[in-house]
Amino acid sequence: LKLIQRANESRFDVVLIDGRVRGESAIAALPYVDERSVVIIHDWFLEEWGYEFLPDGTQDFSKPVKVAPRNRLKSYRQVLEFYDVVCRVSPQTHPLRCSRAGLVVLRKKPQVPPNKVFPA
């Protein structure tokens with residue numbers, strides 16, 4: 001999350017986010033992008049398999065279940081409070097050209113203050 005701060009740049013034209021903490025990384029990039037910049041998040045549509053949580057808080061490891069796509073996670077949804085979607089490449093819209101994960105291209109919303117510090 002702090003890598004963008006160590007780049008010693010005040011503004012980026014393009015920010016590509018991949019790896020862990022994608023949503024949090026997009027929020028951390030806000031002070032370094034403006035309305036002309038684009039932020040690309042890989043694996044925006046990724047669906048994975050996991051195990052169901054039981055009412056007692058334990059996990060049922062007897063059968064895997066499909067987990068909701070990553071773009072439904074709270075950290076991903078929060079990104080859309082600060083960014084507008086420019087375009088999406090998803091397995092549903094581009095099945096012959098897209099992996100199972102896709103990506104989204106975002107642009108910072110104009111009303112987001114340029115120097116506001118955002119929690120990561």
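Residues numbered from 1 in each chain as written. Predicted model: local features only at pLDDT ≥ 70, side-chain atom pairs only at ≥ 80, totals over all residues. Heavy atoms only, no water.

S.K.: Sorry, what's going on with the layout of surface pockets here?
M.R.: Empty space among the atoms can be located by rolling a probe the size of a water molecule over them. Quantified by volume, the largest pocket comes out at close to 280 Å³. Around the largest pocket, the lining is made up of 15 residues, and of these Leu3, Ile4, Val15, Ile17 and Ser25 lie nearest the centre. Residue assignment for the lining of the largest pocket shows that the elements contributing at least two residues are helix H1 (3-6), strand E1 (14-17) and helix H2 (22-28). Taken together, the residues of the lining of the largest pocket sort by class into 11 nonpolar, 1 polar and 3 charged. (1 Å grid on protein atoms, 1.4 Å probe; cavity = no way out; pocket = protein on both sides within 12 Å on 5 of 7 lines; lining within 4 Å. Points joined across faces, edges and corners; volume = space filled by probe spheres on them. Helix = DSSP H or I, 4+ residues; strand = E, 2+ residues; numbered from the N terminus. Nonpolar A, V, L, I, M, F, W, Y, C, P; charged D, E, K, R; others polar.)

S.K.: Quick question: what am I supposed to make of the side chain of Asn71 here?
M.R.: Following the sequence through the fold, Asn71 ends up in the loop between strand E4 (59-66) and helix H3 (74-79). Beyond its immediate sequence surroundings of up to four residues, Asn71 is in contact with Trp44, Phe45, Tyr76 and Arg77. (Contact = heavy atoms within 4.5 Å.)

S.K.: Mind showing me how you'd approach the sheet that holds strand E6 (residues 103-108) here?
M.R.: Adjacent strands of a sheet form backbone hydrogen bonds with each other and so pair up, either parallel or antiparallel. Strand order in the open sheet formed by 4 strands is E1-E2-E6-E5, with mixed pairing between adjacent strands. Of all the strands in the sheet, the pair left with one neighbour each is E1 and strand E5 (83-89). Going from strand to strand, the sheet's axes swing by 20 degrees on average, the running direction of each strand aside. Note that E1 and strand E2 (residues 38-42) share 4 bridges and pair parallel. Paired with Ile17 across the two strands is Ile41, which belongs to E2. (Pairing = 2+ DSSP bridges. Axes fitted to C-alpha atoms, helices over the stretch in contact; angles between N-to-C directions.)

S.K.: How should the packing of aromatic side chains be read in this particular structure?
M.R.: How two aromatic rings sit relative to each other is given by the distance of their centres and the angle of their planes. As enumerated under the stated definition, the model contains 3 aromatic pairs in all. When the centroid spacing of 6.4 Å and the interplanar angle of 65 degrees are considered together, the rings of Phe12 and Tyr32 count as edge-to-face. Linking Phe12 in the loop between H1 and E1 with Tyr32 in the loop between H2 and E2, this pair joins segments that are 20 residues apart in sequence. Judged on exposure class, the residue Phe12 and its partner Tyr32 are both buried. Measuring from ring centre to ring centre gives 5.2 Å for Trp44 and Tyr76, while their planes differ by 35 degrees; the resulting arrangement is tilted. (Phe/Tyr/Trp six-rings, centres within 6.5 Å; stacked < 30°, edge-to-face > 60°. Buried < 20%, exposed > 50% of the residue type's maximum accessible area, 1.4 Å probe, protein only.)

S.K.: Where do I start with the pattern of salt bridges in this structure?
M.R.: Should the charged atoms of two oppositely charged side chains come close, the side chains can pair. The full count for this structure, using the stated rule, is 6 salt bridges. The closest approach of N and O atoms between Arg11 and Asp13, which form a salt bridge, is 2.4 Å. Taking relative accessible area as the criterion, Arg11 reaches 28% and is therefore assigned partly exposed. Between Asp18 and Arg22 there is a salt bridge, and its shortest N-O distance comes to 2.9 Å. The network of salt bridges with common partners includes Arg11, Asp13, Asp34 and Arg36. (Salt bridge = Lys/Arg side-chain N within 4 Å of Asp/Glu carboxyl O.)

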